[in-house]
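Each chain, letter by letter, is given below.
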Amino acid sequence: QVQLVESGGGVVKPGGSLRLSCAASISIRNVYHMGWYRRAPGKEREFVADISSTDSTRFADSVNGRFTISKDNAKNTVDLQMNSLKTEDTAVYYCNLIASGIVGWGQGTQVTVSS
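Since we're looking at a predicted model, the values are computed, not measured.

Trainee: What exactly am I supposed to notice about the side chain of S21 here?
Mentor: Relative to the elements of secondary structure, S21 occurs in strand β3 (residues 18-24). For S21, the side chain forms a polar contact with the side chain of D79, separated by 2.8 Å.

Here's what the structure looks like:
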C-alpha cells in the first residue's frame, strides 16, 4: 500500500499561479505513472496531467500550455505547476500513482480560483 500526501492548494486570483506537490511513501523511480486528477463541484473526477517512469508527460487539453508536471525521484515527489489559472480550474486536486500491483490516491487538496 502507498500513501500519497498532497500540499500546496489554496486560493488564488484568475491569472495567478500555484504549485502542488505530492509526496509518496514509496520509491517512485519505477512507477508507471504518477500524476494529478481533479474534481470540480458537481462534476466527475477528470485527468489533469501525469508523468511516466521515462519522464514522458501528458496533459488534459484544458490545461495544456498552462500546467507543467515534474518529479524528483530522490525525494519521491511529483509537482504540478499551475500558471494562468482560470476560475474553471477550481477543484479538489488528487495525486495518483500507478505501479506494478499498486494504485494509490491522495486525500486531495483544494484549489480555488476566484477574484
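Trainee: Sorry, what's going on with the state of the cysteines here?
Mentor: In a disulfide, the sulfur atoms of two cysteines are held together by a covalent bond. Within this structure, the stated rule accounts for 1 disulfide. Here C22 connects covalently by a disulfide to C95, the sulfurs 2.0 Å from one another. What sets the handedness of the C22 and C95 disulfide is the S-S torsion sign, and at about -85 degrees it is left-handed. Highlighted residues: C22 in strand β3 and C95 in strand β9 (residues 91-99), separated in sequence by 73 residues. Of the two residues, C22 and C95, neither departs from the other in class, the shared state being buried.

Trainee: I'm lost on the pattern of salt bridges in this one. Help?
Mentor: For side chains bearing opposite charge, pairing can occur when the charged atoms are close. What the rule picks out here adds up to 6 salt bridges. One salt bridge in this structure joins E46 and R38, with 2.7 Å as the shortest N-O distance. Judged by its relative accessible area of 35%, E46 is partly exposed. Given the relative accessible area of 4%, R38 is considered buried. With a closest N to O distance of 2.5 Å, R58 and D50 form a salt bridge. The exposure class assigned to R58 is partly exposed, which follows from its relative accessible area of 44%. Overall, D50 belongs to the buried group, its relative accessible area being 5%. Through salt bridges with shared partners, one network takes in R38, E46, R66 and D89.

Trainee: Explain the sheet that holds strand β1 (residues 4-7) to me, please; I cannot follow it from the model alone.
Mentor: Within a sheet, each strand pairs with its neighbour through backbone hydrogen bonds, oriented either parallel or antiparallel. If you trace the 4 strands from one edge of the open sheet to the other, you get β1-β3-β8-β7, paired in antiparallel fashion. The open sheet has two free edges, formed respectively by β1 and β7 (67-72), since each of these has just one partner strand. Within the sheet, the average angular offset between the axes of one strand and its neighbour, ignoring direction, is 15 degrees. Here β7 pairs with strand β8 (residues 77-82) via 6 bridges, running antiparallel. The residue of β8 that forms the bridge with I69 is L80.

Criteria and thresholds
Residues numbered from 1 in each chain as written. Predicted model: local features only at pLDDT ≥ 70, side-chain atom pairs only at ≥ 80, totals over all residues. Heavy atoms only, no water. Helix = DSSP H or I, 4+ residues; strand = E, 2+ residues; numbered from the N terminus. Polar contact = N/O pair within 3.5 Å; in protein donor to acceptor, adjacent residues only side chain to side chain. Disulfide = S-S within 2.5 Å. Buried < 20%, exposed > 50% of the residue type's maximum accessible area, 1.4 Å probe, protein only. Salt bridge = Lys/Arg side-chain N within 4 Å of Asp/Glu carboxyl O. Pairing = 2+ DSSP bridges. Axes fitted to C-alpha atoms, helices over the stretch in contact; angles between N-to-C directions.

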